[in-house]
Amino acid sequence: IGHIPIPRIEYTDEGLDLVVENLTLQGKNLFPNIIGLEAHNYLRFSPYKGIKDESKHRFTLTFAQMQADMHQVAFYYHKKTGMAKMKDSGLADVLLGGEGLTGLD
């Protein structure tokens, strides 16, 4: 997998304007270093029709150590309220390294 572009992100409210664009993920960094699957199962059954069978199943899927590096990410930031009003724009390199990001489902 090569490069995967992410659409422009815009957020605005009465206190903040934020725009981020030119986000591109490298395909090799999309896949986690660790994938975990945890399963809990409960099963109760009886050969007798008068006793109801019961079962419960729960799975947790974990993706860990997902890393990303994005170069030349364009941003615009404007904090409109509060004591310190700020405005900035430019280009930034974003690195999510080390143990990366972990997601649970």
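Residues numbered from 1 in each chain as written. Predicted model: local features only at pLDDT ≥ 70, side-chain atom pairs only at ≥ 80, totals over all residues. Heavy atoms only, no water.

Asks: Just checking my understanding: could you explain the overall build of the protein chain for this structure?
Replies: A count of helices and strands for the protein chain gives one helix and seven strands. Reading the protein chain from its N end, one meets helices and strands in the order β-β-β-β-α-β-β-β. Taking 105 residues into account, the globule formula puts the C-alpha radius of gyration at 13 Å, and the protein chain, at 23 Å, lies well above it. For the protein chain, the spread of C-alpha atoms along the principal axes amounts to about 70 × 35 × 25 Å. Burial status across the protein chain gives 16% buried among its 105 residues. Once local pairs closer than 6 in sequence are excluded, the contacts in the protein chain between residues at least 24 apart make up 57%. As displayed, the protein chain offers around 8,300 Å² of accessible surface, 59% of which is attributable to carbon and sulfur atoms. Taking the average location of the 11 positive side-chain charges in the protein chain and that of its 13 negative ones, the two points are 9 Å from each other. (Helix = DSSP H or I, 4+ residues; strand = E, 2+ residues; numbered from the N terminus. Rg over C-alpha atoms; globule rule 2.2 N^0.38 Å. Buried < 20%, exposed > 50% of the residue type's maximum accessible area, 1.4 Å probe, protein only. Contact = heavy atoms within 4.5 Å. Areas by Shrake-Rupley, 256 points an atom, 1.4 Å probe, with all protein chains shown as cover. Lys, Arg positive; Asp, Glu negative; His and termini not counted. Charge placed at Lys NZ, Arg CZ, Asp CG, Glu CD.)

Asks: Would you mind showing me how to read the pattern of salt bridges here?
Replies: Side chains that differ in sign of charge can pair as their charged atoms come close. On inspection of all chains with the given rule, the structure shows four salt bridges. Between Glu 10 and Arg 8 there is a salt bridge, with its nearest N and O atoms 2.6 Å apart. The residue Lys 56 makes a salt bridge to Glu 54 at a minimum N-O spacing of 3.8 Å. Taking relative accessible area as the criterion, Lys 56 reaches 52% and is therefore assigned exposed. On the basis of relative accessibility, which here comes to 30%, the residue Glu 54 falls in the partly exposed class. (Salt bridge = Lys/Arg side-chain N within 4 Å of Asp/Glu carboxyl O.)

Asks: Is there a simple way to explain the confidence of the model for the protein chain in this structure?
Replies: Caution is warranted with low-pLDDT regions, since their predicted coordinates should not be read in detail. Here the protein chain shows a mean pLDDT of 89. Residues at 70 or above account for 98%. Mean pLDDT across the elements of the protein chain ranges from a minimum in helix H1 (residues 27–30), with 73, to a maximum in strand S2 (residues 9–12), with 95. (pLDDT = per-residue confidence, 0-100.)

Asks: I keep staring at a nonpolar patch on the surface and nothing clicks. Help me out?
Replies: Taken together, the side chains of Ile 35, Leu 37, Phe 59, Leu 61 and Phe 63 make up a nonpolar region of the molecular surface, amounting to roughly 500 Å² of accessible area. The set of elements that each furnish at least two residues to the nonpolar patch consists of strand S5 (34–44) and strand S6 (54–79). For the nonpolar patch, the element with the most residues is S6, which contributes three residues. In this structure Leu 37 comes out as exposed when scored by relative accessible area, which is 63%. (Patch = residues over 30% accessible without salt bridge, like charges linked within 9 Å, V, L, I, M, F, W, Y side chains within 5 Å.)

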